[in-house]
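For reference, the chains in residue letters:
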Amino acid sequence: MTKRLLLGNDAFCEGLIAGGVRFYAGYPITPATEIAEAMSRRMPEVGGTYVQMEDELGSMAAIMGASATGVKSATASAGPGMALMQNELGQAIAAEIPLVVVNVQRAGPGIGNATRSGQMEVMQSRYGANGEVPAVVLAPSTVEEAFWLTLKAVNLSEMLRTVVIVLGEGILGLQRAVVDLPDDYDEIEVVNRPRPSVPPREFLGNYAANELSEVPPIADFGSGYKSIVSSVGISRRGGGDISILGLAVDDQDFTIRRLHQKLLDRKNEITLFEQLMTDDAEIVYIAFGTQALSAIGAMHEARARGIKAGVLRLISIWPFPDEVVRACCAKARAVVVPEMNLGQARLLVGNALANTGIKIVGVNRVDSITIKPVEILDKTTEVLS
Amino acid sequence: MNLHNEMPATRAPKKKPDLQRPLDELVELYATVPDKAFRYCPGCGLGMAQSAIMRAFHRVGVDITKVATAGGSGCYSVMGHYFQSSHIHGSHGRGCAYATGLKLARPELTVLTLQGDGDLLAIGGNHFIHAARRNIDITVICFNNYNFGDTGGQFAPTTPLGSKTDTSSLGMPEPAFDACKLAIGAGAGFVARSTVAHPAHLTKMIADAIEWKGFAFVEVLQHCHVLWGRRNGMPEAMDMMRFYTDNSVLNPSRIPEDEHFDIPVYSEDEKNVKFVLGVLHKERKPEFTEEYAKLRAKAMAKMPGKVQS
C-alpha cells in the first residue's frame, strides 16, 4: 500500500481503473469534471480509451457500445447531466449491460448550483428512468472509501450485469485526503461478467434465462457469437433468437421481474453498511455519504452525555437494506435521519420501520452547508424529551 | 415482403456480379431469417435496402462475426436483428454514439449504424455530426423515407417542403435537411446517395462506404408509399420507384479523392425535383481510432508496466 494525497474525484477514477475499466466516455460538468480530466490522462496510460462525447446521452450510449464488446466501461456526471443520462441508463439496465456511473451530486433542481454539494438524487437514482428498472447504488463517505467502493461497483456491475451508480457528492469529489492505495492493481481480484460457455451455434442469446434469479451469459461483440443487445422485447423466456415479432405478455412480466429478482437474490452481496454502537441504542442515526460523518460525531457526543446513541451508515442505498435498518433499530425508541435533502432517505427508513412505533425524524439541509453534529444532537434531545 | 420471391432462382444471370448471386445464398451467409414474416410493410423499400447491404457485405468480403451494427427506433430498427452480425437495438437516435463506443473499444470490428431519417437527423442529429467530425471509421446508413414511418407518418427533418404528412396535413411548412450536405459540412470523409430503385448502384455505394477508412455516410432514399406516398399522390410502391428513377441524376460512382459535387438534392422548385445519386464527397483525413492508438502508445510508453500513477 502507498499513501497518497488524492482528490475525491481522482479516487473514483483510480477505483474504476483498479476494477478494470478501460473505456471512459465523458462530458465535462461541475463538480464531476475532474473525473473526465483524470480519465483523459489515465485511460491511455493503462491501455484504455477516453472519448469526450457531445452530451451525456452520447456518453452513456458510447459506454454501452464499448461494454457490449466486453470492455469494462464507465462515465460520470452530476445534476442535469444525470437527468439527461436517465434515458440511456434505463436502456442499459434493461439491456443488462454492465456499466458504472459516478454521480457527483451537486445541489438544487434544474441546473442547480454547480459548485455546491447535495444529496438530492437518492430517489432519482432508483426512480429516474422510465419503465420500472431496478438500481444498485453505493454511496461512499470518505475519499478512501470512494476508491474501494468504486472498485466494488465495477465488480458488482459485472457480476449482476447491470448499471451500478456510485453516489458521490460535490464535497466528497472536491476534497483532498491522504489515502492508502494498493501498489499494484493487477493483484486486486476483479469480477468478470458471465460469458457463454457453449459454442456459437448453441448460444441462445444474451437474455436466455429460465429462472427469475438468473444472470445469463453475455457474448462480446466480435467474439464469434451473434450478440444482440436490446431492451426491446428481446427477453423471451429461455432465450432463443430474436423476438422481434413482439413479446408475449407473460414474457414481459418475466423480463421485468427478473431484472429485479436477480438483484434481490444477491442482496447479501450488494448490501454494505457500517453499524456503530447500535446494539443497545435507543436512538439511531441513519445516514449515508458525507453526512454520515456528522452522525458519527453526534453519536460520540451523545454517548458522552449519557444518551445511548448509535449510527447506521448506509453504504448501499439501493436495493434499500430494510432488514438491516430493522435489525439496527431493534431497541430504538427514535431514529434521526440527517441528510442534505428534504427527507428522501427518511422516507425509505420510514418504510422499513413501518408499524414498529419508532419515531422517525429528519435533520435536513438544502443550503449545501454540512449538517453539524450539534444539529443532530439538538434533534436528539427534542425527540427523546 | 418476402425476400425469396424478390429474385427467383430461375432468373437468367445478369452481368452485374452483385445481382447475379441468388439471394438465398446471401441469406445463408449473412442473414438470420425470422420464423415468421418480415416486419416491413408490403412493398417497403427496406427489404431492398437490406438485400443491398448483404450484397455489399459479400462484395467487401466481410467476416460477418466481426460486424457490429447499431440502431434505435424506427421502421428500420428490426433490420439489425435480421443479420448474423451483432447488434445494439438501443434508444431512439443514439446509433452513432453506440457505434463510437463499439469502434473505439474494438477497432477491428466493422461498424455500421442502421438509422432512419428521423432517428439520425432529428433526435440523433448531434451524435451524427460529431461522429462525422471525429472521422471515426464507421459507416452510417440512413434510410430516408421522408417521414416518421414507425409512428404513422409524421413529418421528419427530411420531409420535402410542401408535402403532406400526418402532422403537416396542409403541407410541410419547414424546409428539409439535405442529409448529405449536413454530413459534408460536419466533416464526413465519404458521402454518397442512392435509392432502392437503383439496387446495383446502392450496393456499390454501401460497399464503398464500408471499405472507406474513416466516417462514411450513405443516404438511401427508400420509399414509404404506405404513408408518405399515399398522401402525396404516389400510393403504390412502383409509383415511388418511378419517382426515384425519373428524377435521379447519376453522378459518376467514383469521383477523384478530395472532390465533391455541390448539387442540391431538392431544388427549390417542386416541379424540378432532382436527386443526385453517387459519391458526392471524398476527403481523406486522419481517422480517430488510429490517431487515438498513436496517442495511447505514447502514453503507455511513458509509464511502462505500471497501472497505478
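Residues numbered from 1 in each chain as written. Chains lettered and ligands numbered in written order. Predicted model: local features only at pLDDT ≥ 70, side-chain atom pairs only at ≥ 80, totals over all residues.

### Concerning the overall build of chain A
The test is simple: Going along the chain from the N terminus, every DSSP run of H or I of four or more residues is numbered as a helix, and every run of E of two or more is numbered as a strand. In this description the radius of gyration comes from C-alpha coordinates, and the expected globular size is given by 2.2 Å times residues to the power 0.38. A residue pair is marked as a contact if its C-beta atoms, positioned from the backbone, fall within 7 Å.
For chain A, the helix and strand inventory stands at 13 helices and 16 strands. Against the compact-globule benchmark of 21 Å for 385 residues, chain A has a radius of gyration of 21 Å, which places it among compact chains. For chain A, long-range pairs separated by at least 24 residues make up 77% of all intrachain contacts whose partners lie at least 6 apart in sequence.

### What to know about the interface of chain B and chain A
Put simply, the rule is: For this classification, the nonpolar set comprises Ala, Val, Leu, Ile, Met, Phe, Trp, Tyr, Cys and Pro, the charged set comprises Asp, Glu, Lys and Arg, and every other residue, Gly included, is treated as polar. A pair of strands is labelled paired if DSSP reports no fewer than 2 bridges between them.
Counting residues at the interface gives 41 residues for chain B, matched by 45 residues for chain A. At the level of elements, β1 (67–71), β2 (86–89), α6 (95–105), α8 (125–134) and α13 (288–302) of chain B are the ones that each hand at least two residues to the side of chain B that touches chain A. No other element matches α6(B), which puts 8 residues into the side of chain B that touches chain A. Its residues placed into classes, the side of chain B that touches chain A shows 18 nonpolar, 16 polar and 7 charged. Of the strand pairs in this sheet, strand β10 (residues 228–230) of chain A and β2(B) are connected by 3 bridges, and their pairing is parallel. Considered in β2(B), the bridge of A:Val229 is made with B:Ile88.

### A look at the domain arrangement of chain A
Residues and elements named next belong to chain A. Our working rule: Where each domain begins and ends is defined by an automated method or by a domain database.
Domain boundaries in chain A define domain 1 (2–187) and domain 2 (276–384). Across the boundary between the two partners, domain 1 contributes 22 residues, which contact 20 residues of domain 2. Secondary-structure elements contributing two or more residues to the side of domain 1 that touches domain 2 are β6 (113–117), α5 (122–127), β7 (136–138), β8 (163–169) and α7 (170–173). Examining the composition of the side of domain 1 that touches domain 2, we find that 4 residues originate from one element, α5, more than from any other. In terms of residue class, the side of domain 1 that touches domain 2 is made up of 13 nonpolar, 6 polar and 3 charged.

### Details of the nonpolar core
Applied cut-off: Note on terminology: a nonpolar core is a set of buried residues of type Ala, Val, Leu, Ile, Met, Phe, Trp, Tyr or Cys, with members joined through C-beta atoms within 7 Å. Exposed residues have 12 or fewer other C-beta atoms within 10 Å of their own C-beta, buried residues have 20 or more, and partly exposed residues fall in between, where C-beta atoms are placed from the backbone.
Counting residues in each nonpolar core, the largest one holds 201 residues, and the members touching the most others are A:Val100, A:Tyr285, A:Val335, B:Leu102 and B:Ile206. The biggest single contributor to this core is helix α6 (residues 143–160) of chain A, with 10 residues. Core analysis: the next-biggest nonpolar cluster, separate from the first, contains 9 residues, B:Tyr146, B:Ala156, B:Met172 and B:Cys224 among them.

### Considerations on the pairing of strand β2 (residues 23–26) of chain A
Across a regular strand the side chains alternate sides, sitting on one face of the sheet and then on the other. Residue and element names in this part refer to chain A. Note the cut-off: A clockwise course of the path from the first strand over the helix to the second, judged with the strands pointing away from the viewer, identifies a crossover as right-handed.
Side-chain alternation along β2 places Phe23 and Ala25 on one buried face and Tyr24 and Gly26 on a second face that is also buried. Here β2 runs beside strand β3 (residues 49–52); their pairing, made up of 4 bridges, is parallel. Opposite glycine 26, over in β3, you have glutamine 52 as the bridge partner. Handedness of the β-α-β unit built from β2, helix α2 (residues 33–45) and β3 comes out right-handed. Relative to strand β4 (residues 73–77), β2 runs parallel, the two being bridged by 2 bridges. Residue pairing for β4: tyrosine 24 is matched across the bridge by alanine 74.

### Re unusual backbone geometry
If a residue is not glycine, its phi is most likely negative; likewise, a peptide bond is most likely trans. Cis geometry is found at the peptide bond from A:Thr30 to A:Pro31, where omega equals 0°. Tracing the chain through its elements places A:Pro31 in the loop between β2 and α2. Put simply, A:Trp318 and A:Pro319 share a cis peptide bond, and its omega is -10°. Summarising the element assignment, A:Pro319 is placed in the loop between β14 (316–318) and α11 (322–328). Unusually for a residue other than glycine, B:Asn135 sits at a positive phi of about 50°. Mapped onto the elements, B:Asn135 comes out in the loop between α8 and β4 (138–144).

### Some thoughts on the pairing of strand β8 (residues 216–221) of chain B
Residues and elements named next belong to chain B. Of all the 6 residues making up β8, 6 are buried; the element is thus mostly covered by neighbouring parts of the structure. The two faces of β8 match: Ala216, Val218 and Val220 on one face and Phe217, Glu219 and Leu221 on the other face are all buried. In this sheet, β8 lies alongside β4 in parallel orientation, the contact comprising 6 bridges. Within the sheet, the bridge partner assigned to phenylalanine 143 lies in β8 and is valine 220. With 6 bridges connecting them, strand β7 (residues 190–195) and β8 associate as parallel partners. When the sheet's bridge partners are listed, serine 194 is paired in β8 with valine 220. With helix α10 (residues 199–211) bridging β7 and its parallel neighbour β8, the resulting β-α-β unit is right-handed.

### A short note on the packing of helix α1 (residues 8–18) of chain A against α2(A)
Each pair of packed helices can be summarised by the angle the axes make with each other and by the distance between the axes. Residues and elements named next belong to chain A. What counts is decided by this rule: To get an axis, fit a line to the C-alpha atoms, keeping to the stretch in contact for a helix; angles then go from 0 to 180 degrees between the N-to-C directions. An angle below 35 degrees is treated as roughly parallel, one above 145 as roughly antiparallel, one from 65 to 115 as roughly perpendicular, and anything else as oblique. In this scheme the crossing of two helices becomes right-handed for a clockwise turn of the near helix relative to the far one and left-handed for an anticlockwise turn of less than a right angle.
Where α1 contacts α2, the axes come no closer than 8 Å and their chain directions differ by 45°. The pairing of α1 with α2 is recorded here as oblique in orientation. Handedness of the α1/α2 crossing: right-handed. Contact residues: Asn9, Asp10, Phe12, Cys13 and Ile17 in α1; Glu34, Ile35, Ala38, Met39 and Arg42 in α2. Across the contact of α1 with α2, the residue classes break down as 6 nonpolar, 1 polar and 3 charged.

### So, α6(B)
For α6(B), the buried fraction is high: 11 of the 11 residues fall into the buried class. Listing the buried residues of α6(B) in full gives B:Gly95, B:Cys96, B:Ala97, B:Tyr98, B:Ala99, B:Thr100, B:Gly101, B:Leu102, B:Lys103, B:Leu104 and B:Ala105.

### Looking at the environment of A:Val136
Residues and elements named next belong to chain A. Here valine 136 is to be found in strand β7. Spatially, the C-alpha atom of valine 136 lies 7.9 Å from that of arginine 126, the residues being 10 residues apart in sequence. Discounting chain neighbours no more than four positions away, the residues touching valine 136 are Leu156, Leu160, Thr162, Val164, Leu263, Ile270 and Trp318.

### Quick notes on the sheet that holds strand β15 (residues 334–339) of chain A
All names here are of chain A. On the basis of which strands lie adjacent, the open sheet formed by 5 strands has the order β11-β13-β12-β15-β16 and mixed pairing. Each edge of the open sheet carries a strand with a single partner, namely β11 (273–276) and β16 (359–364). Pairwise comparison of adjacent strand axes, ignoring direction, gives a mean angle of 20° for this sheet. One ladder, built from 4 bridges, connects β11 with strand β13 (residues 309–314); its direction is antiparallel. In the strand pairing of β13, phenylalanine 273 is matched with leucine 314. Relative to the sheet, helix α10 (residues 291–304) contacts β11, β12 (283–288), β13 and β15, its axis offset from that of β13 by approximately 165°. Against the sheet, helix α13 (residues 373–384) engages β12, β13, β15 and β16, with an angle of about 155° to β15.

### Some remarks on the environment of A:Gly170
Residues and elements named next belong to chain A. Along the chain, glycine 170 falls in helix α7. In sequence terms glycine 170 and serine 368 are 198 residues apart; their C-alpha atoms lie 9.5 Å from each other. For glycine 170, the residues in contact, after removing those within four places along its chain, are Pro31, Val104, Gln105, Arg106, Arg116 and Ser117.

### A look at the confidence of the model for chain B
Residue and element names in this part refer to chain B. Applied cut-off: What pLDDT expresses is the predictor's confidence in each residue, scored from 0 to 100.
With 83% of its residues at a pLDDT of 70 or more, chain B shows a mean pLDDT of 84. The low-confidence segment residues 1–15 (pLDDT under 50) makes 22 contacts with residues lying over four places distant or belonging to another chain. In the predicted assembly, ipTM is 0.94 and pTM is 0.92.

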